[in-house]
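Structural overview for review
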Amino acid sequence: MTPRRRPALRITVWIAAAAVLLAGAVALAMLAQSGVQGRGLGEVDSGPAARGPGETVVAFYGDSYTRGTGGSSADKRWSTIVSAERDWTEVNPSRNGLGFVNQRRGDDLIDQVIAARPDIVISTMGLNDNFSMPSRADEIEAAITRDFETIRVALPEARLIVVEPFWYTEERPDSVEQIIGWVQAAALGADADYISGASHWLDGHPEWMADDGLHPNDADYAALAERMDAELAALGL
């Protein structure tokens, strides 16, 4: 019985092999249609999609005030309003609680900003680091310089714009001015444009805060967009 079954077994193996080859051919055809057939095995495209003519990619490096937390939707945040007005392609991985030392983890936002290969980087960092002062003062100052240097080295052709860290209450601990000073010095050292005064943009408007009392609401984000728009226009953007 065994010798008579071997031909059938071989036929079964041949059929299975043909099926695998057919599946591979179909997969290659699908890759060809998607325009990626030229990439070698094991290659991964970690960059952005091909840009259109004249497209400007802008990456925002920030915390919850740039992520849009407290607003009713992402299209109400100031970064999206400003980007829409200028027809920019917005890359915004900003994260709640992020600071130069606060809430840092393996998937560092700087890596995401650099991977986007932006034409412009806008940094609005520093608010959350006040909650680690003064115990981590030296670490914060060093991290600010390191972050801007990292961006500048990785993106030498990009325009780097550093915004004075936001603040949200009438009470201003001494750390606010300390961190502002460090951010400004590091920005100048990295050959960045610097926008001053942003820590006061929310002054006198408690009605602009969301129900949590910590983040802007839609009206506040609209006001931030208006102020940022004027500052960027002054820089020629």
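My aim in this report is to walk through the structure given alongside it, one point at a time. Remember, predicted model here, so these are calculated numbers, not experimental data.

What follows deals with the overall build of the protein chain. Scanning the protein chain from terminus to terminus reveals seven helices and five strands. Put simply, of all contacts in the protein chain between residues at least 6 apart along the chain, 77% involve residues at least 24 apart. Within the structure as shown, the protein chain displays about 12,900 Å² of accessible surface, and the carbon and sulfur contribution to it stands at 55%.

All right, on to the pairing of strand S4 (residues 159-163) then. Extensive coverage of S4 is indicated by the burial of four of its five residues. Relative to S4, strand S3 (residues 120-123) runs parallel, the two being bridged by four bridges. Within the sheet, the bridge partner assigned to Ser123 lies in S4 and is Val162. Crossover S3 to S4 through helix H5 (residues 137-154) is right-handed. Here S4 runs beside strand S5 (residues 193-195); their pairing, made up of three bridges, is parallel. By the bridge assignment for S5, Val162 is matched with Tyr194. In terms of handedness, the path from S4 via helix H6 (residues 174-189) over to S5 forms a crossover that is right-handed.

With that settled, consider the pattern of salt bridges. With the rule as written, the count across this model stands at eight salt bridges. Measuring nitrogen to oxygen at the nearest pair gives 3.9 Å for the salt bridge that ties Arg86 to Glu85. Overall, Glu85 belongs to the exposed group, its relative accessible area being 53%. Residue Asp147 is joined to Arg104 by a salt bridge in which the shortest nitrogen-to-oxygen separation is 3.1 Å. Of the two residues, Asp147 is situated in helix H5 and Arg104 in the loop between strand S2 (89-91) and helix H4 (109-115); the sequence distance between them amounts to 43 residues. Via salt bridges that share partners, Glu85, Arg86 and Asp229 belong to a single interconnected network.

Topologically, Thr89 is positioned in strand S2. Residues Thr89 and Ala59, spaced 30 residues apart in sequence, show a C-alpha to C-alpha distance of 8.5 Å. Those residues in contact with Thr89 that sit more than four places away from it in its chain are Glu55, Thr56, Val57 and Val58.

What counts as what
- Residues numbered from 1 in each chain as written.
- Predicted model: local features only at pLDDT ≥ 70, side-chain atom pairs only at ≥ 80, totals over all residues.
- Heavy atoms only, no water.
- Helix = DSSP H or I, 4+ residues; strand = E, 2+ residues; numbered from the N terminus.
- Contact = heavy atoms within 4.5 Å.
- Areas by Shrake-Rupley, 256 points an atom, 1.4 Å probe, with all protein chains shown as cover.
- Buried < 20%, exposed > 50% of the residue type's maximum accessible area, 1.4 Å probe, protein only.
- Pairing = 2+ DSSP bridges.
- Right-handed = clockwise from strand over helix to strand, strands pointing away.
- Salt bridge = Lys/Arg side-chain N within 4 Å of Asp/Glu carboxyl O.

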